[in-house]
Amino acid sequence: MSTSTDARRKEVLRAIVADYIASQEPVGSKSLLERYQLGVSSATIRNDMAVLESQGLISQQHASSGRVPTQQGYRHFVDSLHEVKPLSAPERRAMLNFLEGGVDLEDVLRRSVQLLAQVTKQAAVVQLPNLKVSRVKHCEVVALSPVRLLLVLITDNGRVDQRNVELDEIIDQDQTFRLRDIVNSALVGKTLTDASVELAHLVDDAPLDIRHHVLKVATTLIETLVEQPSDRLIMAGASNLTRVAREFPEGLPKIIEALEEQVVVLKLLARVPDLGNVSVVIGEENEEDQLRQASVVATGYGLGTGDEVATLGGLGVVGPTFMDYSGTISKVSAVARYVSEILAGEQCE
């Protein structure tokens, strides 16, 4: 097969995918000739479509209907994307203005999934920063009662986690202040993994009158934040998938159930590529059974430049396999970039 023939068939495949994404109707040779400047006869197009079908890239659902892309066809289409749809200047400004209105990290991330769900018409998910790579900025210790403390852990990327600690003995205000200082001496500036070593040694050096309280606090922090880090998700737009429920032959409930199971989505977002890169997983490529009728476009957000980059979490969208890949990649990438820029700005303040 000549290079020109191969190139033309790739162009025919791109046209079929683009047409089907736009219409969700089987694509025939006549409509391809009418809508795309392919420069060949209808007979040549029909022959190209027959070859693409034999290669498993398109399929014919009914004898009299046109063709639809297969999951393999979508993969070829995505892999051949040399550039994605650029966002317009108004789109970029609107996105950034909406995200910059967030009052804290969690609000910014909540806005990011609302925005992604709105602009892509898919279900959107974002992972709160991974505590394992976060460094502790401060740990506030608040006495809720004489025998109950509230620990408020604030990390350098703005994540806030709270834990209650039940004490066996009464603690007074002065002891609470000293306890806070001791805990912060072990935590501030360290990742939780590194700080756990310091926490384990705190008890030995603690003053006798608060040693028991230090033990309770250190144990709570190690057991709930270090050994069992709480990776939380925010989701938006699951109702968008009801528009295309017929495209999930085994039923939309399996997709919704997968999105609601945090473990499934966290595993998905744990595999996001380095900052600036976007992954596209199509249908059967998904490792999770519930998502094998869907496509997932995801990337990471984080802090830093050059070699000093930390991915704090992942964000992305889940939708049907016929989604607008070029537009979706562009929007997911832009939102992740803006979230990273906002976090970097807060870091500098």
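Residues numbered from 1 in each chain as written. Predicted model: local features only at pLDDT ≥ 70, side-chain atom pairs only at ≥ 80, totals over all residues. Heavy atoms only, no water.

## Description of the sheet that holds strand 6 (residues 160-166)
Part 1 of the reasoning: The strand order 4-5-6 describes an open sheet built from 3 strands, whose pairing is antiparallel. For this open sheet the edge positions go to strand 4 (136-145) and strand 6, each flanked by a neighbour on one side alone. Averaged over all pairs of adjacent strands, the angle between strand axes in this sheet comes to 20°, irrespective of strand direction.
Part 2 of the reasoning: Relative to strand 6, strand 5 (residues 148-155) runs antiparallel, the two being bridged by 7 bridges. Across the sheet, the residue bridging to Leu 151 is Arg 163, located in strand 6.
Part 3 of the reasoning: Against the sheet, helix 7 (residues 173-187) engages strand 4 and strand 5, with an angle of about 155° to strand 4. (Pairing = 2+ DSSP bridges. Helix = DSSP H or I, 4+ residues; strand = E, 2+ residues; numbered from the N terminus. Axes fitted to C-alpha atoms, helices over the stretch in contact; angles between N-to-C directions. Contact = heavy atoms within 4.5 Å.)

## Comments concerning the UniProt feature "domain: HTH deoR-type" (unreviewed entry) in the protein
Part 1 of the reasoning: UniProt records the feature "domain: HTH deoR-type" (unreviewed entry) at residues 19-62, using the numbering of this structure.
Part 2 of the reasoning: The distance from the first to the last C-alpha atom of residues 19-62 is 18 Å, and the span holds 57% helix and 7% strand. (UniProt positions renumbered as here; feature names shortened; annotations may be inferred.)

## Points about the environment of Leu 199
Part 1 of the reasoning: Inspection of the secondary structure puts Leu 199 in helix 8 (residues 192-205).
Part 2 of the reasoning: Residue classification places Leu 199 among the buried residues on the basis of a relative accessible area of 1%.
Part 3 of the reasoning: Along the backbone, Leu 199 and Asn 286 are 87 residues apart, and their C-alpha atoms lie at a distance of 40 Å.
Part 4 of the reasoning: Once you skip the residues sitting within four places of it in the chain, Leu 199 turns out to touch Ala 186, Leu 187, Ala 218, Leu 221 and Ile 222. (Buried < 20%, exposed > 50% of the residue type's maximum accessible area, 1.4 Å probe, protein only.)

## A look at the domain arrangement of the protein
Part 1 of the reasoning: With domains assigned, the protein is organised as domain 1 (2-78), domain 2 (87-128 + 231-342) and domain 3 (130-224).
Part 2 of the reasoning: Computed over C-alpha atoms, the centres of domain 1 and domain 2 are 29 Å apart.
Part 3 of the reasoning: Of the residues lining the interface, 8 residues belong to domain 1; the matching set on domain 2 comes to 14 residues.
Part 4 of the reasoning: For the pair domain 1 and domain 2, the summed buried area comes to about 970 Å², and 60% of that belongs to carbon and sulfur atoms.
Part 5 of the reasoning: Taken together, domain 1 and domain 2 are joined by 1 salt bridge.
Part 6 of the reasoning: With a shortest N-O distance of 2.7 Å, Arg 75 and Glu 285 are connected by a salt bridge.
Part 7 of the reasoning: When residues of the side of domain 1 that touches domain 2 are traced back to their parent elements, those giving at least two are helix 1 (3-23) and helix 4 (71-79).
Part 8 of the reasoning: The biggest single contributor to the side of domain 1 that touches domain 2 is helix 4, with 5 residues.
Part 9 of the reasoning: For the side of domain 1 that touches domain 2, the per-class residue count stands at 5 nonpolar, 2 polar and 1 charged. (Domains from an automatic or database assignment. Buried area = accessible area lost by both parts, 1.4 Å probe. Salt bridge = Lys/Arg side-chain N within 4 Å of Asp/Glu carboxyl O. Nonpolar A, V, L, I, M, F, W, Y, C, P; charged D, E, K, R; others polar.)

## A short note on unusual backbone geometry
Part 1 of the reasoning: Look at Gln 24: it is not a glycine, yet its phi comes out positive at around 55°.
Part 2 of the reasoning: Position of Gln 24 relative to the elements: it lies in the loop between helix 1 and helix 2 (29-35).
Part 3 of the reasoning: Taking relative accessible area as the criterion, Gln 24 reaches 23% and is therefore assigned partly exposed.
Part 4 of the reasoning: The phi dihedral of Lys 121 is positive, around 60°, even though this residue is not glycine.
Part 5 of the reasoning: Residue class for Lys 121 comes out partly exposed when judged on its relative accessible area of 44%.

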